[in-house]
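Fold and contact review
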Amino acid sequence: MNIILIGAPGAGKGTQAKKLSAMLNIPHISTGDIFREQIALKTDLGIVADKYISKGMLVPDEITMSVIRERLHRDDCGDGFIFDGFPRTLVQAEELDKILKDLGRKIDFVINIVVDEDVLIDRLVNRRVCPECKAIFNLETIASREMCPNCSTPLIQREDDNVRIIKQRFIAYHDLTEPLINYYSAKNVLTNVKSMSRIEDSLRNTLEAIGILK
Ligand code: AMP
């Protein structure tokens, strides 16, 4: 099953993608995670990507597509994938269609996770992530604000989760990513799923949308 999760920053794409990936046994591919790994490793790709990410801008399509092309050709994508944060522009979506066509594959479901913007900003400033197991938490709902409850690694705040950069990320989302909603609606693969305060409820809606739950 080939799935795309789209939605504004903070909509909960990563949290849902991780759970879906474990349930469906297909890889969770987050271009944001790939870029952050490369930034931490100080590779050429990471150094370039950081220039954009630290300003809340999108990494250029050409760079993003080369990352995706390489990732999609790995063996673990044979039974499908869950894209989280990709595609983010119409050019990326069109390029993805071409790559999949060459592979004899197609996108089965696009889930657009819908949330109110004021809720999103609150979620993003309260978001903490585990650099080790990549789990995502909200400061308001975890017991320890410092340690990952899964692996006891100190939690960190993403550098782009500050109000100034968040505003830029929303501008990029509205200008460049939102048009994908029409693009995938026209292909009859898109379902809008309202993000609920409990992840279990959001996930249930997504599972219904992809036909796993009735
Ligand atoms: P995310 O972890 O999905 O919120 O992504 C963090 C940042 O990485 C974004 O704000 C962008 O700067 C960059 N990024 C992630 N995915 C893409 C993409 N598909 N195209 C361009 N830039 C991306």
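Attention here is on the structure that accompanies the text.

Quick notes on the rules
- Residues numbered from 1 in each chain as written.
- Predicted model: local features only at pLDDT ≥ 70, side-chain atom pairs only at ≥ 80, totals over all residues.
- Heavy atoms only, no water.
- Buried < 20%, exposed > 50% of the residue type's maximum accessible area, 1.4 Å probe, protein only.
- Helix = DSSP H or I, 4+ residues; strand = E, 2+ residues; numbered from the N terminus.
- Pairing = 2+ DSSP bridges.
- Core = buried A, V, L, I, M, F, W, Y, C linked by side-chain atoms within 4.5 Å.
- Contact = heavy atoms within 4.5 Å.
- Near = heavy atom within 4 Å.
- Polar contact = N/O pair within 3.5 Å; in protein donor to acceptor, adjacent residues only side chain to side chain.
- Areas by Shrake-Rupley, 256 points an atom, 1.4 Å probe, with all protein chains shown as cover.
- Nonpolar A, V, L, I, M, F, W, Y, C, P; charged D, E, K, R; others polar.
- Axes fitted to C-alpha atoms, helices over the stretch in contact; angles between N-to-C directions.
- Phe/Tyr/Trp six-rings, centres within 6.5 Å; stacked < 30°, edge-to-face > 60°.

Quick word on the pairing of strand β3 (residues 81-84)
Here β3 shows two buried faces, one formed by Phe81 and Phe83 and the other by Ile82 and Asp84. Relative to β3, strand β1 (residues 2-7) runs parallel, the two being bridged by four bridges. The partner of isoleucine 3 across the bridge, within β3, is isoleucine 82. Sheet analysis places strand β2 (residues 28-30) next to β3, joined by three bridges and oriented parallel. The residue of β3 that forms the bridge with serine 30 is aspartate 84.

Topic: the nonpolar core
With 49 residues, the main nonpolar core has Ile4, Leu72, Phe83, Leu96, Val110 and Tyr184 as its most contacted residues. Residues contacting tyrosine 184, with those up to four places away along its chain left out, are Ile4, Pro87, Ala93, Leu96, Val110, Val189 and Leu190. Listed in part, the six residues of the second largest apolar core include Cys130, Ala135, Phe137 and Leu155.

Remarks on the site of the ligand
Taken together, 16 residues form the shell around the ligand, and within it Thr31, Arg36, Met57, Arg88 and Gln92 come nearest. Contact distances for the ligand include 3.0 Å between a nitrogen atom and a backbone N or O atom of glycine 85. One of the side-chain nitrogen or oxygen atoms of glutamine 92 is found 2.9 Å away from a nitrogen atom of the ligand. Here the ligand loses 96% of its free accessible area of 480 Å² to cover by the protein chains. The element contributing the most residues to the shell around the ligand is helix α2 (residues 31-40), with four residues. Residues that form the shell around the ligand fall into these classes: six nonpolar, five polar and five charged.

Re the pairing of β1
With six of six residues buried, β1 lies mostly within the body of the structure. Burial of β1 is two-sided: the residues Asn2, Ile4 and Ile6 facing one way and the residues Ile3, Leu5 and Gly7 facing the other way are all buried. Of the strand pairs in this sheet, β1 and strand β4 (residues 109-114) are connected by five bridges, and their pairing is parallel. Along β4, the bridge assignment pairs leucine 5 with isoleucine 111.

Digging into the packing of helix α7 (residues 163-177) against helix α8 (residues 179-186)
Two numbers describe how α7 lies on α8: the axes approach to 6 Å, and their chain directions differ by 35 degrees. On the side of α7, the interface is formed by Tyr173, His174, Asp175, Leu176 and Thr177, while α8 contributes Pro179, Leu180 and Ile181. Of the residues contributing to the contact of α7 with α8, the split by class is five nonpolar, two polar and one charged.

Considerations on the packing of aromatic side chains
For any pair of aromatic rings, the description rests on two quantities: the centre-to-centre distance and the angle between the ring planes. Here the structure, examined in full by the defined rule, presents three aromatic pairs. Note on phenylalanine 81 and phenylalanine 83: the rings are 4.4 Å apart at their centroids and 40 degrees apart in plane angle, and the pair reads as tilted. Phenylalanine 83 matches phenylalanine 81 in its accessibility class, with the two residues each being buried. Summarising the aromatic geometry, the rings of phenylalanine 83 and phenylalanine 86 are spaced 5.0 Å apart at their centres and angled 70 degrees between planes, so their arrangement reads as edge-to-face. You'll find phenylalanine 83 and phenylalanine 86 in the same group, each marked buried. By way of ring pairs, the aromatic residues Phe81, Phe83 and Phe86 are connected into one cluster.

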